[in-house]
Amino acid sequence: MITIEKAYQQVLEKAYLLETEKVDFIDSVGRILAEDVSSDIEMPPFDKSSMDGYACRRADINNILEIIEVIPAGKTPEKEIGPNQCAKIMTGAPVPKGADFIAMVEFCEETDNKFVKILKVTQRNNISYKAEDVKAGQVVLKKGIQIKPQHIAVFASVGYTQVLVTKQPKIGIISTGDELVEPHLKPAISQIRNSNGYQLISQVKACGAIPSYMGIADDTPEDTFDKVSKALAENDIVLLTGGVSMGSFDFVPEVLKKAGIEILFDSIAVTPGKPTTFGTAGKKLCFGLPGNPVSSFIQFELLVKPLIYKLMGLVFQPLDIQMPMGIEYKRKKSDRKAYIPVFIEDGEVFPVEYHGSAHIHALTFAQGIIYFPIGVDTLLKGETVHVRQL
Ligand code: AMP
Ligand code: MG
């Protein structure tokens with residue numbers, strides 16, 4: 001049995017970097033950027049009014065000003081502002097020569113479309129100066145980020161329309177268990193619906209990788225071997241759930257060995273998820289995840305997700321917030337590191353009602369997970385814990 005920290009290290013050591021490809025920028029959300037992106041222009045490209053108002057000289061703010069031009073956004077000013085003159089200007093329009101101040105329209109009184117009196121003067125000039133946000137050639141986005149909608153706006157603004165990203169790993173998913181039926185069927189007595197398969201498909205998609213569902217393997221070495229062999233041939237990573245515990249029909253470890261996989265660990269000092277198994281065959285990476293859905297979910301979070309991201313060139317760092325416990329929370333045994341689903345209320349952390357690793361509904365109330373270190377059996381009320389966002 002190894003610690004979860006050691007397991008994490010062993011898993012990430014097996015990661016390699018996938019190749020890159022170009023995609024259209026509007027299709028790049030969720031992908032990992034594979035090069036630095038720099039701007040081909042200055043931003044703003046000219047001194048720009050940040051308000052609707054009147055462009056004038058600050059020296060003239062107490063005088064009646066003559067309106068000599070109207071400048072909508074998109075128009076180049078034709079006149080220079082002289083003493084006691086102004087131009088009516090719209091947000092986003094270029095500031096005319098001679099002006100160093102935009103009086104806000106809300107604080108001005110206009111007469112006959114010709115003259116303006118400024119009633120209130122703001123401290124700010126209300127001008128966004130040329131290149132104050134970005135200089136030409138400046139790196140605006142760094143390699144290794146996961147692309148979000150706000151990054152698409154930056155791509156658009158710098159004209160980066162073909163985005164270099166890492167390829168997405170293909171992840172084969174196999175559920176095991178004679179008791180399983182697919183979700184559209186009503187389980188007979190002694191059957192349960194396959195929830196892990198679909199939970200994993202979704203977890204994989206949420207990481208930006210490509211899931212490939214291989215179906216339910218019977219609890220026989222033959223069927224499990226057939227599905228594992230096919231999955232290994234077609235995918236970069238293979239995830240199985242179930243069949244890794246100590247039962248008489250838990251064939252997964254033996255099948256993985258027969259399929260040429262070298263097992264690196266098959267037991268972690270963690271709960272939920274102790275029997276989590278990991279092995280490799282050349283570049284192929286394979287996890288035997290526990291059958292219980294909460295265990296499978298959490299082990300995916302702790303081990304599989306960081307591996308998928310590392311293959312794509314991203315160092316996955318979950319948001320980790322330190323907060324006080326809202327109640328005292330105890331556990332019976334302390335020989336393993338224990339992860340507990342929690343929610344946050346009024347700045348304090350509370351465990352969700354949790355009946356154990358088959359209780360998938362508990363996760364739907366969880367905003368994060370906390371942990372008991374090995375050797376600790378009590379988290380005191382008010383004690384600071386690390387909440388890892390889910
Ligand atoms: P196992 O490790 O195969 O003994 O599975 C442990 C527990 O998880 C058993 O109660 C299984 O019925 C349950 N289980 C296994 N696979 C799935 C699955 N795909 N979806 C939901 N529950 C499962
Ligand atoms: Mg089973």
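Residues numbered from 1 in each chain as written. Chains lettered and ligands numbered in written order. Predicted model: local features only at pLDDT ≥ 70, side-chain atom pairs only at ≥ 80, totals over all residues. Heavy atoms only, no water.

(A) Quick look at the overall build of the chain. When its secondary structure is counted, the chain shows 7 helices and 28 strands. Here the C-alpha radius of gyration of the chain, 30 Å, is well above what a compact globule of 390 residues would show, namely 21 Å. For the chain, the spread of C-alpha atoms along the three principal axes comes to 95 × 50 × 40 Å. At a minimum sequence separation of 6, the contacts of the chain that also span at least 24 residues come to 69%. When the accessible surface of the chain is summed, it comes to about 19300 Å², and 53% of that surface belongs to carbon and sulfur atoms. When the 42 basic and 48 acidic side-chain charges of the chain are each reduced to a single mean position, those positions are 2 Å apart. (Helix = DSSP H or I, 4+ residues; strand = E, 2+ residues; numbered from the N terminus. Rg over C-alpha atoms; globule rule 2.2 N^0.38 Å. Contact = heavy atoms within 4.5 Å. Areas by Shrake-Rupley, 256 points an atom, 1.4 Å probe, with all protein chains shown as cover. Lys, Arg positive; Asp, Glu negative; His and termini not counted. Charge placed at Lys NZ, Arg CZ, Asp CG, Glu CD.)

(B) Local environment of the sheet that holds strand β8 (residues 108-111). An order of β7-β4-β6-β5-β9-β8 is seen for the 6 strands of this open sheet, with the pairing classed as mixed. Each edge of the sheet is formed by a strand with only one pairing partner; in this case those strands are β7 (101-104) and β8. When strand polarity is set aside, the average angle formed by the axes of neighbouring strands in this sheet is 40 degrees. For β8 and strand β9 (residues 115-118), the ladder comprises 4 bridges, and the chain directions are antiparallel. (Pairing = 2+ DSSP bridges. Axes fitted to C-alpha atoms, helices over the stretch in contact; angles between N-to-C directions.)

(C) The arrangement of the domain arrangement of the chain in detail. Taken domain by domain, the chain consists of domain 1 (4-16 + 168-311), domain 2 (30-41 + 137-166), domain 3 (48-128) and domain 4 (320-389). Here the C-alpha centroids of domain 1 and domain 2 sit 34 Å apart. If you look at the interface, domain 1 gives 5 residues, while domain 2 gives 5 residues. Our enumeration of links across domain 1 and domain 2 arrives at 0 salt bridges. Taken together, the links from domain 1 to domain 2 amount to 1 residue pair in polar contact (both at pLDDT 80 or more). When the residues that make up the side of domain 1 that touches domain 2 are grouped by side-chain class, the tally is 3 nonpolar, 2 polar and no charged. (Domains from an automatic or database assignment. Salt bridge = Lys/Arg side-chain N within 4 Å of Asp/Glu carboxyl O. Polar contact = N/O pair within 3.5 Å; in protein donor to acceptor, adjacent residues only side chain to side chain. Nonpolar A, V, L, I, M, F, W, Y, C, P; charged D, E, K, R; others polar.)

(D) Looking closely at unusual backbone geometry. A cis amide bond, omega -10 degrees, links Met-43 with the succeeding residue Pro-44. Along the chain, Thr-271 connects to Pro-272 via a cis peptide bond; the corresponding omega equals -5 degrees. Relative to the helices and strands, Pro-272 is located in the loop between β19 (270-271) and β20 (277-281). A positive phi is found at Asn-84, a non-glycine position, where the angle reads about 60 degrees. As for its placement among the helices and strands, Asn-84 is situated in the loop between β5 (65-71) and β6 (85-89). With relative accessibility at 31%, the residue Asn-84 sits in the partly exposed group. (Buried < 20%, exposed > 50% of the residue type's maximum accessible area, 1.4 Å probe, protein only.)

(E) How the structure looks around the site of ligand 1. Around ligand 1 there are 17 residues in total, and Glu-179, Asn-194, Gly-243, Ser-245 and Gly-291 lie nearest to it. Interatomic distance of 3.3 Å between a backbone N/O atom of Asn-196 and a nitrogen atom of ligand 1. If you list the elements that add at least two residues to the shell around ligand 1, you get β13 (170-176) and β15 (192-193). Partitioned by chemical class, the residues of the shell around ligand 1 number 3 nonpolar, 11 polar and 3 charged. (Near = heavy atom within 4 Å.)

(F) Fine view of the packing of aromatic side chains. All told, the structure shown has 9 aromatic pairs when counted by the stated rule. Plain terms: the ring middles of Tyr-309 and Phe-316 are 5.4 Å apart, the flat faces sit at 25 degrees to each other, and that makes the pair stacked. For the pair formed by Tyr-309 and Phe-316, the shared burial category is buried. Aromatic side chains Tyr-329 and Phe-372 sit 5.9 Å apart centroid to centroid with 25 degrees between the ring planes, which places their arrangement in the stacked category. Remark: Phe-372 occurs in strand β26 (residues 368-372) and Tyr-329 occurs in strand β23 (residues 329-330); sequence separation between them is 43 residues. (Phe/Tyr/Trp six-rings, centres within 6.5 Å; stacked < 30°, edge-to-face > 60°.)

(G) Broad picture of the layout of surface pockets. Space inside the largest pocket adds up to approximately 930 Å³. Along the lines of polarity and charge, the residues of the lining of the largest pocket split into 15 nonpolar, 17 polar and 11 charged. Domain assignment of the residues forming the lining of the largest pocket places at least three in each of domain 1 (4-16 + 168-311) and domain 4 (320-389). Each pocket or cavity is described by its volume, and for the second largest pocket that value is around 320 Å³. Around the second largest pocket sit 15 residues that line it, and Leu-302, Pro-318, Lys-337, Tyr-339 and Arg-388 are the ones nearest its centre. Counting residues per element, the ones that place at least two in the lining of the second largest pocket are α1 (4-13), α6 (293-311), β24 (337-345), β26 and β28 (384-389). Residue composition of the lining of the second largest pocket, grouped by class: 10 nonpolar, 1 polar and 4 charged. Inspection of the lining of the second largest pocket shows a minimum of three residues originating in each of domain 1 (4-16 + 168-311) and domain 4 (320-389). (1 Å grid on protein atoms, 1.4 Å probe; cavity = no way out; pocket = protein on both sides within 12 Å on 5 of 7 lines; lining within 4 Å. Points joined across faces, edges and corners; volume = space filled by probe spheres on them.)

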